[in-house]
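In case you want the letters, here they are:
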Amino acid sequence: MFSITVRDHIMIAHSFRGEVFGPAQRLHGATFLVDATFRREQLDEDNIVVDIGLATQELGAVVAELNYRNLDDEPEFAGVNTSTEFLAKVIADRLAERVHKGALGEGAKGLAGLTVTLHESHIAWASYERDL
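Conventions we followed
Residues numbered from 1 in each chain as written. Predicted model: local features only at pLDDT ≥ 70, side-chain atom pairs only at ≥ 80, totals over all residues. Heavy atoms only, no water. UniProt positions renumbered as here; feature names shortened; annotations may be inferred. Salt bridge = Lys/Arg side-chain N within 4 Å of Asp/Glu carboxyl O. Helix = DSSP H or I, 4+ residues; strand = E, 2+ residues; numbered from the N terminus. Phe/Tyr/Trp six-rings, centres within 6.5 Å; stacked < 30°, edge-to-face > 60°. Buried < 20%, exposed > 50% of the residue type's maximum accessible area, 1.4 Å probe, protein only. Pairing = 2+ DSSP bridges. Contact = heavy atoms within 4.5 Å. Axes fitted to C-alpha atoms, helices over the stretch in contact; angles between N-to-C directions.

Under an unreviewed UniProt entry, the protein has the name 6-carboxy-5,6,7,8-tetrahydropterin synthase and belongs to Streptomyces sp. 900105245. Recorded in UniProt for the protein, the comment headed Sequence similarities (unreviewed entry) runs: "Belongs to the PTPS family. QueD subfamily." The UniProt entry for the protein carries the following text under Catalytic activity (unreviewed entry): "7,8-dihydroneopterin 3'-triphosphate + H2O = 6-carboxy-5,6,7,8-tetrahydropterin + triphosphate + acetaldehyde + 2 H(+)".

This is the structure in structure tokens:
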């Protein structure tokens, strides 16, 4: 399996509900490094997984929708604990939509899967992996 990874970052604010979150129940900020890894079994006719420039551009567009937002104020996240794991899935699903709509070019039709990893720090991160 071949893969390429592109990176961006987001800065958000949010709070959590539930004793398991301790002090994170209060409003707090988070900055995440966001890695999107695209996979395919065979390289395309240009011997690439996907156009890195388009992948970078589309990841940037997806994270821009979340960047500098208080997620507690966003209607789509009302009543949701926007954990690192949950946000990795949101970003992966939004990227997958863009792949299916052709935003990453014709070559992206051969992609097998996508993994999005959000790094909370240098010692903790979460990922969501999905098929395309």
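From this point, the discussion proceeds with the structure in view.
## A closer look at the pattern of salt bridges
Throughout the structure, instances matching the rule amount to ten salt bridges. Across the pair Lys-89 and Asp-93 runs a salt bridge whose closest N-O atoms are separated by 2.5 Å. Taken together, the residues Lys-89 and Asp-93, both in helix H2 (residues 84-100) and four residues apart, mark about one turn of the helix.

## So, the packing of aromatic side chains
Enumeration over the complete set of coordinates arrives at two aromatic pairs. Geometrically, the ring pair formed by Phe-16 and Phe-21 is stacked, given 4.3 Å between the ring centres and 25 degrees between the ring planes. The buried category is assigned to Phe-16, whose relative accessible area is 10%. Between Phe-77 and Phe-86, the ring centres sit 6.0 Å apart and the planes meet at 80 degrees, which makes this aromatic pair edge-to-face.

## Some words on the pairing of strand S1 (residues 2-14)
Two faces belong to every sheet, and in a regular strand the side chains alternate between them. Here 13 bridges tie S1 to strand S2 (residues 28-40), and the two strands are oriented antiparallel to one another. Within S2, the residue paired with Val-6 across the bridge is Ala-36. In terms of strand pairing, S1 meets strand S3 (residues 69-70) through two bridges, oriented parallel. Among the inter-strand pairings, Ile-12 is bridged to a residue of S3, identified as Arg-69.

## Focus on the sheet that holds S3
Spatially, five strands are ordered S3-S1-S2-S4-S5 in an open sheet, and the strand pairing comes out mixed. Strands with a single pairing partner mark the edges of an open sheet, and in this sheet they are S3 and strand S5 (125-131). Here S2 pairs with strand S4 (residues 113-119) via seven bridges, running antiparallel. Bridge pairing in S4 places Phe-38 opposite Leu-114. Helix H1 (residues 52-64) rests against S1, S2 and S3 of the sheet, and its axis sits at about 20 degrees to S1. Across the face of the sheet, H2 comes into contact with S1, S2, S4 and S5 while running at roughly 35 degrees to S5.

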